[in-house]
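Fold and geometry: a report
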Amino acid sequence: MPPPPYKVACSNCNLRELCLPSGLSEAEARKLDELVATRRKIKRGAALFNNGAPFTALYAIRTGFFKTCILTEDGRNQVTGFQMAGEIIGLDGIVGDRHTCDAIALEDAEVCVMPFDRIEALSREVPALQSHVHKILSREIVREHGVMLLLGSMRAEERLATFLLNLVQRLHARGFSQSELVLRMTREEIGSYLGLKLETVSRTFSRFVEEGLVQVKQRHVRILNTAGLRSIVNASACR
């Protein structure tokens, strides 16, 4: 059985500005402390929620990494996104009151549970919260459009370069290095997300190493030439 959830206050969280509005009054901050009912720990490989499960809450990732995926009609497990600390997961369930994907922990993780009925109630009292939720939804739409562009018009090297630059940028916003990262996902999962075969992902990584763009040691990646990776991405925009 999973461990029982426990209570937490948002005001004491160092990720607060990443997943909740900033610039709140003291009274509004106290109200938002009521928003997060509990925290839950999710073991590596376990599901936070599954496709078809009733939608009751959004989840702010406090620690750890997740992937979202769907089962395609031909039986493949298609990765649709990777989520990290400070990001909100579970938005897929809003439209139909049921989740439309699986959310699987790629490492031991902890999430803050935010019941959606409480979000809706507090949004009426704290306008900044409603605006913040709209921004999160908008960001998700932009991300979806970006993935469509990625899969529709980019070559393999452009897709992988875009993925690495985006990942390190998101990690840097959380206080990590601008040039080093540990891939929590497998090469196969990267390929599924980017619409590439495993061999193509491995071959493209090898090419980046040969060209002095990155240094790779198992899942540890050091970006040696950020400008070089950006030039690969920009080549797509110029075509």
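Rules used in this analysis
- Residues numbered from 1 in each chain as written.
- Predicted model: local features only at pLDDT ≥ 70, side-chain atom pairs only at ≥ 80, totals over all residues.
- Heavy atoms only, no water.
- Pairing = 2+ DSSP bridges.
- Helix = DSSP H or I, 4+ residues; strand = E, 2+ residues; numbered from the N terminus.
- Axes fitted to C-alpha atoms, helices over the stretch in contact; angles between N-to-C directions.
- Contact = heavy atoms within 4.5 Å.
- Buried < 20%, exposed > 50% of the residue type's maximum accessible area, 1.4 Å probe, protein only.
- Core = buried A, V, L, I, M, F, W, Y, C linked by side-chain atoms within 4.5 Å.

Let's talk about the sheet that holds strand S2 (residues 47-49)
Strand order in the open sheet made by the 4 strands is S2-S7-S4-S5, with antiparallel pairing throughout. Sheet topology places S2 and strand S5 (77-84) at the edges, where each strand pairs with a single neighbour. Averaged over all pairs of adjacent strands, the angle between their axes in this sheet comes to 30°, without regard to strand direction. Against the sheet, helix H5 (residues 156-172) engages strand S4 (65-71) and S5, with an angle of about 30° to S5.

A word on the pairing of strand S11 (residues 220-223)
Two faces, one strand: in a regular strand the side chains alternate between the faces of the sheet. Only one face of S11 is covered, namely the one carrying Val221 and Ile223; the face carrying His220 and Arg222 has none of its residues buried. Bridge analysis of strand S10 (residues 214-217) against S11 gives 4 bridges, and the strand direction is antiparallel. Among the inter-strand pairings, Lys217 is bridged to a residue of S11, identified as His220. Taken together, S10 and the strand that follows it, S11, pair antiparallel across an intervening segment of 2 residues, in which Gln218 is found at a positive phi of about 55°.

Notes on the nonpolar core
A general tendency of soluble globular proteins is for nonpolar side chains to be buried together. Within the largest apolar cluster, 32 residues are counted, with the highest numbers of intra-cluster contacts made by Phe163, Leu167, Met185, Ile190 and Phe208. Ranked by the residues each element gives to this core, the list is headed by H5, at 9 residues. For Phe163, the residues in contact, after removing those within four places along its chain, are Phe82, Met185, Ile190, Tyr193 and Leu194.

Some details on the sheet that holds strand S9 (residues 180-182)
What the 3 strands build is an open sheet, ordered S9-S11-S10; its pairing is antiparallel. In this open sheet, the two edge strands, each paired with only one partner strand, are S9 and S10. The sheet shows a mean angle of 15° between the axes of neighbouring strands, taken without regard to direction. Pairing geometry for S9 and S11, over 3 bridges, is antiparallel. Bridged to Val182 within S11 is His220. Sitting on the sheet, H5 is in contact with S9, S10 and S11, with an inclination near 95° to S9.

All quantities given are derived from atomic positions and should not be read as evidence of function.
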